[in-house]
Each structure stands twice: as C-alpha cells, then as structure tokens.
Amino acid sequence: MDAEQYAERHAELSRELREASYQYYILANPTLSDIDYDLKMREIEEIERLFPELLTPDSPTQHVGTPITTEFTSVAHLERMQSLDNAMDFEELSVWAERLEASLEGAPVGGYLCELKIDGLAIALTYENGRFVRGVTRGDGVVGEDVTNNIKTMPSVPMVLAGEDVPELVEIRGEVFMPVEVFKELNATRAAAGEEPFRNPRNTAAGALRQKDPRITAQRPLTLIVHGFGAWQGGPGVPEAQSAVYDLLAAWGLPVSDRYKVVEDIAAVKEYIAYYGEHRHDPAYEIDGVVVKVNSLAIQRRLGSTSRAPRWAIAFKYPPEEVRTKLLDIKVGV
Ligand code: NAD
C-alpha cells in the first residue's frame, strides 16, 4: 500500500471504530465482536506508527470510550478515568514488563497485583464524609453520565462507608456487571413472557445502568466490584500499595474481589493468567482477561500515564472462546 492508501484505510478504520464505540457504549448493542474491535484498533495504531502525521487528536487511538449523549446530566470526573493498554499474548506482556522495569533504572518494581478483568462497565462512585453522593459512568474519561439514582438500586453499593476514619471526599472506581446466573434467570423470565432475550451479561448490564427510570434498573439486578480510586481528599492517607487500598476499601464495606493475588514477577503473573484461562467460568461473572498492576503506589506515580492509559497497568485479554488463533494461544513460559 502507498501512503495515500494507508491514509484512506486510516480514515475508514476511524469511522468504523467511532461507530462501533457508539453502538457499544451508548446503545449497548455492539455491531462488532470485541476481538474485531481490538484488531482494528491494533491496525490503526500500526498505521499511525508508520505515518505519525495521521495521529491527530481526534484519532480513536487517543480517546477513551465515546462522547456522552444529552440523555443524562453530564458530570466532570474529578480525575480523568482512563482505559488500559492491552497485551494479547505472553510476549506482549513481557515486552510491557521489560519496558516498565527499564524505565525504573534499577529501582525494584516491588511486585505485581493480578486481578480478573470483569466484562462490565466502569463506574466512579463519589463519597463525601463517608456518604454516597454520586455515581457516574466513565463516558469519554473526562465527562461521564450521572446515574446516581440507578446506582442506588444496587444492594452491593453501600450508601454509607463503614468506620469513622474516611476521607472527606473519595472517588471509588469499579466495575458494574450482571452475574451470569442473574442474566440466565432474567432471560428465562423474558422467554416465559414471550419477550426477546438479552444478548449477553455485559450489554444487559450496560442497558440496565443507563435507564432513565431506576425502577427498570432495579428489575435487572446489577452488582459491583471495586478496583481503584480517583480523587482522595482528607481522612486517612492513601495507602502505599494497591493491595492495601483494597484492604481499606473492604474495611469501608465496599465489595472487593477475593480473587486477586500479589506476585513477585512476570513468571508468576503468567501462571495466574494461565490458571484463569483454564478456569474462566469459575467466577460468578464474565471475565475477558486479567488486569496486571504494579502493586506499589509510589512506583505507579513514578511511571505515570499516557493520555489514554496508565503505564503501570495492562489488561491481558483472553482470546474469545470460539476463536483460538496461534497468535492468541496461551502457553505458560512463552
Ligand atoms: P478495556 O475494557 O480493555 O480496559 C479498561 C477497563 O477495564 C477499565 O475502564 C475498567 O473499567 C475495566 N476493568 C475491569 N476489571 C478491571 C480491574 N480489575 N481493574 C481495572 N480495570 C478493570 O478498555 P475500554 O477502554 O473500557 O474498552 C475497550 C474495549 O471495549 C475494547 O478492547 C473492546 O474489547 C471493547 N469494545 C468493544 C466494542 C465492540 O464494538 N465490540 C466497541 C468498543 C469497545
């Protein structure tokens, strides 16, 4: 292909990815499979590496999510909500870890925290002096949609944090999802009523969370698992490690996963990934990968972020179960 053809392909992919994001995030009715979306994103990134002039601020590679609609009140996040870079095989994971370790110039990483990548929707929950005040979708990462009333229908979201020593303001980040069994029951009820079945738990959760009427959300039970924080003002200081943050969030009564693990090195990260590759259906919810985070918050701060994603974390994506290409095959020690 010559430069002009690459530019045309770039424009075509940009259009397709923007449209796919709108269908996925806003309509909760994807027109592409996740793997097709990811591969198109890889292709456009590769074109931008070859022709950096095509990397303009409006490129899909520079954005998180999709612009929000006017259906909900928009709320600016106190701290930007990012996406995650991804690795599709162990080689890419190793390259990420080597680059990260090299940039630390000999300072120890201090361990990695591995956790399941829940196939749900990102949410930011704001608590002021321990009281839940707001729930906002990720939106485009800068501005999200106010879904507070819908969040209030979720029994797993505490309206008041436990304990006295809580921040004056804290923004908790997590994933809203529909457990697989709940999804199956909901579809059985719909089938009995002669209604069209929902497609999958992720899209059903997305549709349920973005209802204008919270009574409809309440009829489609959603659950939360928290996995991070944004703004944090006053109260106890931010702990030193991601795992210690989870201990604190759990002590406040927030739902933290019991499946995360802190490990020493990338070989052990690969073992965790291989284990859940074989036990993908053990959790009560759907997962699409494993998120690997540097456990030390001091090192996280030192590594920082790009405009779209932190450098201290990566999402290892499992291949779709029906497609197992050589590229995506998982083998320990690759
Ligand atoms: P992502 O889903 O690859 O990763 C980032 C998200 O992971 C975070 O926002 C967070 O909410 C979530 N997450 C889940 N578990 C987590 C954990 N334990 N710790 C931290 N974060 C966790 O990236 P994205 O920007 O949300 O979306 C891009 C992805 O969405 C694509 O790779 C694709 O799979 C899918 N997508 C699909 C379509 C489609 O048409 N099928 C369109 C757009 C996006």
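It should be emphasised that the depicted structure is a prediction, and the values quoted were computed from it without experimental measurement. The numbering scheme is per chain: residues are counted from 1 as the chain's sequence reads. Thresholds applied to this predicted model are a pLDDT of at least 70 for local features of residues and 80 or more for the giving and counting of side-chain atom pairs; totals over whole chains, interfaces and linings are not thresholded and use all residues.

Student: Hey, could you run me through the overall build of the chain in this one?
Tutor: For the chain, the helix and strand inventory stands at 10 helices and 11 strands. With C-alpha atoms as the basis for the radius of gyration, the globule rule is written as 2.2 Å multiplied by the number of residues raised to the power 0.38. The C-alpha atoms of the chain give a radius of gyration of 20 Å, which matches the 20 Å a tight globule of 334 residues would have. Here the contact rule is simple: place C-beta atoms from the backbone, and any two residues whose C-beta atoms are within 7 Å are in contact. Put simply, 76% of the contacts in the chain that link residues at least 6 apart link residues at least 24 apart. Helical segments are the DSSP runs of H or I of at least four residues, strand segments are the runs of E of at least two, and each set is numbered from the N terminus.

Student: Sorry, what's going on with the UniProt feature "active site" (unreviewed entry) in the chain here?
Tutor: Per the UniProt record, the feature "active site" (unreviewed entry) sits at Lys 117. Here Lys 117 is to be found in strand β3 (residues 112–118). Among all residues touching Lys 117, those that are not within four sequence positions of it are Ile 287, Asp 288, Gly 289, Val 290, Val 291 and Ala 315. UniProt positions are given in the numbering used here, feature names are shortened, and annotations may be inferred rather than shown by experiment.

Student: Looking at this structure, how should I read the site of the ligand?
Tutor: As a structural note, the neighbourhood of the ligand is formed by 22 residues, with Ala 20, Tyr 24, Asp 34, Ser 83 and Ala 122 the closest of them. Counting residues per element, the ones that place at least two in the shell around the ligand are α1 (3–26), α2 (34–50) and β3. How far each domain reaches was decided by an automatic or database domain assignment. Shared between two domains, the shell around the ligand takes at least three residues from each, and those domains are domain 1 (3–62) and domain 2 (74–317). Think of it this way: take the backbone, place a C-beta atom on it, and check whether that atom is within 6 Å of the molecule or strand, in which case the residue is near it.

Student: Any chance you could explain the packing of α1 against α2 here in plain terms?
Tutor: Two quantities define a packed helix pair, namely the angle between the axes and the distance from one axis to the other. Between N-to-C directions, angles cover 0 to 180 degrees, with each direction set by a line fitted to C-alpha atoms, over the stretch in contact for helices. Axis separation between α1 and α2 bottoms out at 10 Å; the angle between their running directions is 145°. Crossing of α1 over α2 shows left-handed handedness. Facing Tyr 6, Arg 9, His 10, Leu 13, Ser 14, Glu 16, Leu 17 and Ala 20 of α1, the residues of α2 in contact are Tyr 37, Lys 40, Met 41, Glu 43, Ile 44, Ile 47 and Leu 50. Here the residues of the contact of α1 with α2 are counted per class, giving 9 nonpolar, 2 polar and 4 charged. By convention, the crossing between two helices is left-handed when the near helix turns anticlockwise from the far helix through less than a right angle, and right-handed when the turn is clockwise. Each residue gets one of three labels, nonpolar for Ala, Val, Leu, Ile, Met, Phe, Trp, Tyr, Cys and Pro, charged for Asp, Glu, Lys and Arg, and polar for the others, Gly among them.

Student: Even after reading the chapter, I still don't get unusual backbone geometry, so can you show me in this structure?
Tutor: Note: most residues except glycine have negative phi, and most peptide bonds are trans. Phi at Glu 105 is positive, roughly 45°, even though this residue is not glycine. Among the structural elements, Glu 105 can be located in the loop between α3 (90–103) and β3. For Glu 105, a count of 6 C-beta atoms within 10 Å gives the class exposed. With a phi close to 45°, Asn 129 is a non-glycine residue in the positive phi region. Looking at the element boundaries, Asn 129 is found in the loop between β4 (121–128) and β5 (131–137). The exposure class of Asn 129 is partly exposed, given the 14 C-beta atoms found within 10 Å. Counting other C-beta atoms within 10 Å of a residue's own tells you its class, since 20 or more makes it buried, 12 or fewer makes it exposed, and anything in between is partly exposed; those C-beta atoms are placed from the backbone.

Student: What's the story with the domain arrangement of the chain in this structure? I'm lost.
Tutor: How big an interface is tends to be stated in terms of the accessible area lost upon association of its parts. When cut into domains, the chain gives domain 1 (3–62) and domain 2 (74–317). Summarising the inter-unit geometry, the C-alpha centres of domain 1 and domain 2 are found 25 Å apart. Between domain 1 and domain 2, the contact holds 6 residues from the first and 8 residues from the second. In the side of domain 1 that touches domain 2, the residues fall into 2 nonpolar, 2 polar and 2 charged.

Student: Can you walk me through the confidence of the model for the chain in this structure?
Tutor: Close inspection of predicted coordinates is inappropriate in any region flagged by low pLDDT. Known as pLDDT, the predictor's confidence for each residue is given on a scale from 0 to 100. A residue-level look at the chain finds 96% of positions with pLDDT of 70 or above and a mean pLDDT of 93. Segment residues 323–334 is flagged for pLDDT under 50; beyond a separation of four residues in sequence, or across chains, it makes 18 contacts in the model. Interface confidence for the predicted complex, given as ipTM, is 0.97, next to a pTM of 0.94.

Student: Just to check I follow, could you spell out helix α5 (residues 180–192) for this structure?
Tutor: Multiplying 1.5 Å by the helix residue count minus one yields the expected span of that helix. Here α5 is 13 residues long and its end C-alpha atoms lie 18 Å apart, about the 18 Å a rise of 1.5 Å per residue gives. Gly 194 sits one or two residues past α5 and shows a positive phi near 75°.

Student: Explain the sheet that holds strand β2 (residues 86–87) to me, please; I cannot follow it from the model alone.
Tutor: By definition, the strands of a sheet pair up through backbone hydrogen bonds, in either a parallel or an antiparallel sense. Note on pairing: two strands pair once DSSP finds at least 2 bridges between them. A sheet is described by the order of its strands in space; here 5 strands give the open sequence β2-β11-β10-β3-β9, paired in mixed fashion. A single partner strand is all that each edge strand has here, and the edge strands are β2 and β9 (261–263). For β3 and β9, the ladder comprises 3 bridges, and the chain directions are antiparallel. Paired with Leu 113 across the strands is Val 262, a residue of β9.

Student: Which parts of the structure should I look at to understand the nonpolar core?
Tutor: Across soluble globular proteins, nonpolar side chains show a tendency to be buried alongside one another. Put simply, a nonpolar core is buried Ala, Val, Leu, Ile, Met, Phe, Trp, Tyr and Cys residues tied into one set by C-beta atoms within 7 Å. By size, the foremost hydrophobic cluster in this structure holds 60 residues, and its most contacted members are Ala 205, Val 290 and Val 292. Among the elements that line this core, the one with the most residues is β4, at 6 residues. Those residues in contact with Val 292 that sit more than four places away from it in its chain are Tyr 112, Cys 114, Val 269, Ala 313, Ile 314 and Phe 316. By size, the runner-up hydrophobic cluster in this structure holds 6 residues, among which are Tyr 24, Tyr 25, Ile 44 and Ile 47.

Student: Could you clarify how one ought to interpret the environment of Asn 295 in this entry?
Tutor: Locating Asn 295 in the fold gives a position in the loop between β10 (287–294) and α10 (297–303). A tally of 22 C-beta atoms within 10 Å means that Asn 295 is categorised as buried. Counting along the chain gives 77 residues from Asn 295 to Ala 218, while the straight-line C-alpha distance between them is 36 Å. Once residues lying within four places of it in the same chain are set aside, the contact partners of Asn 295 are Gly 110, Gly 111, Tyr 112, Leu 113, Ala 241, Gln 242, Ser 243 and Val 262.

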